[in-house]
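# Analysis of the macromolecular model
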Amino acid sequence: MATKIKRCLYIGLGGTGMNSLLHTKKMFVDTYGEVPPMIGFLGIDTDSGAYKKSLESKTGKEITLSPNEQLPILVSEARPIYDVNKEAFSWIPEENLYALTSMTLGAGQVRTNGRFAFTVNQVKVAQKVREILNNITNARIINNDTYELLSSNIEIHMVFSICGGTGCGIFLNMAYLLKQEAPKCKLTGYAILPDIFKSMAHSGMAKVAPNAYGAIQDLDYLMHMNIGSNPVKLESINSSYDIRERPFNSVMFIDNKNNNNDTYTHIDELAEMTSLALVTAAGELSSASASVSDNLDKNISEGSMDIENKKAWAAGLGVCEILYKGTELSEIYAIKAGKLVIERLLNACVDTEIIVNTWIDSADVRIRENNGFDQVTDFIYDKTPKYDFTQINDCGNAQPEVDQYLNMVKAKDDVVNARIGELSSRVKVQLLELLTENINKECGVATAENIIYGIQAQINIFLSEMKEEKDVLTENEPRLKSAVEIAIADLSKYDGRFFKLKSKLEEMSDEVMMVTRDLAVCRLEIVRRTAAITFYNSLQQQLLNHLDFIKNIKNALKAVLSKFTTDLAKIQNRVGRISQTFQIDLAQSSVSTIVVKPEEVQIPDFVRGITLEGKIFGFGTVDSIEIEKVLLKYTRTLNSAINWSATSIDDILNSMSEEAFARMVRLATDKAMPLFRYDYRGYTPKESPRDGYYIGVPDKVNNRLFKDGYFKNMQHGTADVDFASIGLKDRIIIYRQVGVVPAYAIAPITNYYHEYADCRTNCHIDSNLKTRMDREEFNLFPKKANDDDLLDLWVKGFMFGLIKNEENTYYFKSAELGDILEDNWVLLGKYRDEAFDQFRRNKTVVRREFNAYIEDQENKQGADAMKTLMESVKAAYLDKYSQINMSKDQIKTKGYEKIRELITSELNYVKDM
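Only a predicted model underlies this, so the values are computations on that prediction, with no experimental measurement involved.

### Quick notes on the packing of aromatic side chains
All chains considered together, the criterion is met by 40 aromatic pairs. The interplanar angle of 40° and the centroid separation of 6.2 Å between the aromatic rings of Tyr82 and Phe89 together place this pair among those described as tilted. Here Tyr82 falls in the buried class, since its relative accessible area comes to 10%. Relative to Phe778, the ring of Tyr221 has its centre 5.0 Å away and its plane inclined at 85°; by these criteria the two rings are edge-to-face. Of this pair, Tyr221 sits in helix H7 (residues 208–223) while Phe778 sits in the loop between helix H25 (767–775) and helix H26 (788–799), and the two are 557 residues apart along the sequence.

### Comments concerning the pattern of salt bridges
Across all of its chains, the model carries 48 salt bridges by this definition. The partner of Asp567 in a salt bridge is Lys563, and the shortest N-O contact between them spans 2.8 Å. Placement of the pair is Asp567 and Lys563 together in helix H17 (residues 502–570), with a separation of 4 residues, close to one helical turn. By relative accessible area, Asp567 is classed as buried at 17%. Residue Glu659 pairs with Arg663 through a salt bridge whose shortest N-O separation is 3.8 Å. Here Glu659 pairs with Arg663, and both are found in helix H22 (residues 658–671), just 4 residues apart, close to one helical turn. Residues joined in a network through salt bridges with shared partners are Asp378, Glu469, Glu525, Arg528 and Arg529.

### Notes on the packing of helix H15 (residues 413–439) against helix H16 (residues 444–495)
As a packed pair, H15 and H16 sit with axes 7 Å apart at the nearest point and diverge in direction by 145°. Judged by residue contacts, Leu431, Leu434, Leu435, Asn438 and Ile439 of H15 engage Gly444, Val445, Thr447, Ala448, Ile451, Ile452 and Ile455 from H16. The residue inventory of the contact of H15 with H16, partitioned by class, reads 9 nonpolar, 3 polar and no charged.

### Quick word on the state of the cysteines
Tallying each qualifying case throughout the model produces 1 disulfide. With a sulfur-sulfur separation of 1.8 Å, Cys349 is cross-linked through a disulfide to Cys443. Handedness of the Cys349-Cys443 disulfide follows from its S-S torsion of about 115°: it is right-handed. Here Cys349 is found in the loop between helix H11 (327–346) and helix H12 (353–361), whereas its partner Cys443 is found in the loop between H15 and H16, with 94 residues between them in sequence. When its relative accessible area of 48% is taken as the criterion, Cys349 is described as partly exposed. Between Cys759, a cysteine without a disulfide, and Cys763, which holds the nearest cysteine sulfur, the sulfur-to-sulfur distance is 3.8 Å.

### Remarks on the pairing of strand E10 (residues 250–254)
Burial of E10 is extensive: 5 of the 5 residues sit out of reach of the surface. Burial along E10 is two-sided: Ser250, Met252 and Ile254 facing one way and Val251 and Phe253 facing the other are all buried. Note that strand E7 (residues 186–192) and E10 share 5 bridges and pair parallel. Bridge pairing in E10 links Ala191 to Phe253.

Reading guide: rules and limits
- Residues numbered from 1 in each chain as written.
- Predicted model: local features only at pLDDT ≥ 70, side-chain atom pairs only at ≥ 80, totals over all residues.
- Heavy atoms only, no water.
- Phe/Tyr/Trp six-rings, centres within 6.5 Å; stacked < 30°, edge-to-face > 60°.
- Buried < 20%, exposed > 50% of the residue type's maximum accessible area, 1.4 Å probe, protein only.
- Helix = DSSP H or I, 4+ residues; strand = E, 2+ residues; numbered from the N terminus.
- Salt bridge = Lys/Arg side-chain N within 4 Å of Asp/Glu carboxyl O.
- Axes fitted to C-alpha atoms, helices over the stretch in contact; angles between N-to-C directions.
- Contact = heavy atoms within 4.5 Å.
- Nonpolar A, V, L, I, M, F, W, Y, C, P; charged D, E, K, R; others polar.
- Disulfide = S-S within 2.5 Å.
- Pairing = 2+ DSSP bridges.

What follows is the structure, encoded as structure tokens:
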């Protein structure tokens, strides 16, 4: 049965993100035996050195991030670039310019440095993202027997710390770049909080907490964005981008401590947990419980967990994996099966004569030169002269015309060589395909070897015939040349007579032309056979090379066979691997007699799983160690091997005593506790954040955790528990998700603020954005609405022409925020309620400018004019002044409740003025 999986792109930013990517790649190999083709990785860093860290998978395979999965964004001459393009970098605060130096060894924990490096390399980043998205959406993926797509959609998961300069400096730009390159993708962020780094080092951590606070404040502001928001401009060197939407569908925060005060002290531990979550997000558990992004996106949109003016969007997660992998038993079986594969490849069981003859005569080869076939010579050059010799104009001197004809029809060296090259190239490809096809079958190595011997024998026959025919033609050529010379002389002599017969002259001319044609044909035949001999000699050399190549494969297979025999003697003493921090491995060491039945090993299945070019033929390009890995990769996936290593986790759970089982469940629950603590700090939400377990088991009906509500009954509180049968029979995944809460509720954020307030470096990515937040009095923490005057200013804005609705879009006038070229009109939004929300966000400027303008008008126009205006407004506010572009019936329509609430408040306010 094909494994169901989603298309996912995993992006790691900075050193922390790269580390998490590596652990995620390892987890895919541990889970699926490989990285599925619909999974992509991209690590981005400002460090010039390649990320060379490696991990060993449970299969013994070394896991690394390939060069194609890494993208360094380096800037060697930062300050000159800034000096030439200052207008594009207006977002860099002056206090951070001192740090703007070479970025080839990191960003120096300065967020604007990271963003600067990203901006300079933005085109390269976009190209790389497109390349990887194309790879994981390649149409050929659906032709894969191993995997089945859970969905046609793509999910993007981005991991970064919000502590340093690179990941913390580029995650927002990267998010919006992804929104441009993949607008329909769900984007989930995984943000590592700073305490893990403080626990690992006692120095060099001065900026991690301030950066975290600045990043969370930037992110909080942008997560409040909606389609009607006044856009935020992201500047690049050659372009700018207006954003009106939040950067992520959801964001998970990962701390180093949970609510039990279990503390983790190394980033690798958090990378392991994150990798478990990321792999889970691609598998069936995420589909059964709905996408992680879908769940949180819904919670964010509902707004039921918002506090005052703060939107709830921050979430946390925890994961634990319970495994039973009978590694030792499976390995014994795999090695024995590997020995059987080798033996069956080396044994001869196919009559290759038919294969050889069929190939020689096939439409794409056609190289037979016996039994009446002239396939090579006919391909190289036509045996019939291209032009006919039909007339001699000067019978007295026919030699020039004969020479001209012979020169016209002789074989052209460049044409002959080109045809030899074309045939050789085509046959070379077909020979490689023939050998590759047959070596990748039952008895394949022996078959390929015997095919070569068979082709060699046939070619020897063809060469012998070619050489004999060429010798005869070579001997005949001088005779034909002499005959031409005699015929020319006879014709010339007869033409010189005073009395001559026209018919005789024509007869002798015909004789000259006939023997000339014979000479031309003879010379063509010599060229054709010479070329055929050249072709066959080249093909013979190819065959010898292939024969050596296949003998090397045979010897390498024999070497692996010998090693397998040795390994079987050692494996009895092999011990199980230590499980990772967020895993519980229940495998027990045991030994049993294992027999591999011949029908359990299928050579076509083995070949299908080989990733080397040419499959088994590719064994000749690698060493015996690599061949061993290829063999074990296949045999470890055979049914019996899977049964030993994977299918017995429910049996193991069912065999546990009640006490041991309860202890294991408590341990798994503790490990799965989210590394996310929150504190509402005195506020009370309308609805508590969702706290839910999503538990993936092989088959929930038969699983001990599910039966009789065992796991749910062990949980205290109101956590939801959903089980899903995920079909992975070697593991149980406990995924816990909590959220959403407003960003201010992240428990340690007040600690970050104190260091942020004392930090001399600007810890925001955009000074313009920071200015805008300050003007709007934006704060991470809730602020009780005290905006009674805003409804008054909103209504008076319509009264005094400071607000307008033009082409179904609302604008307000501001000298400070507007553009004089647009007469200082500032966009509010299309819908009235959204326009009012945007109006409220600009309340500081609105209060100052509107009040000043209204006071000025009152002074200029006088009390009577104001009284007249007020009466007019009271009498006809809805029809004359409100500028609402909806009928009363439309306002009452479902879906426009907020607009109706606002316009009702306006009318009530006008009535009481």
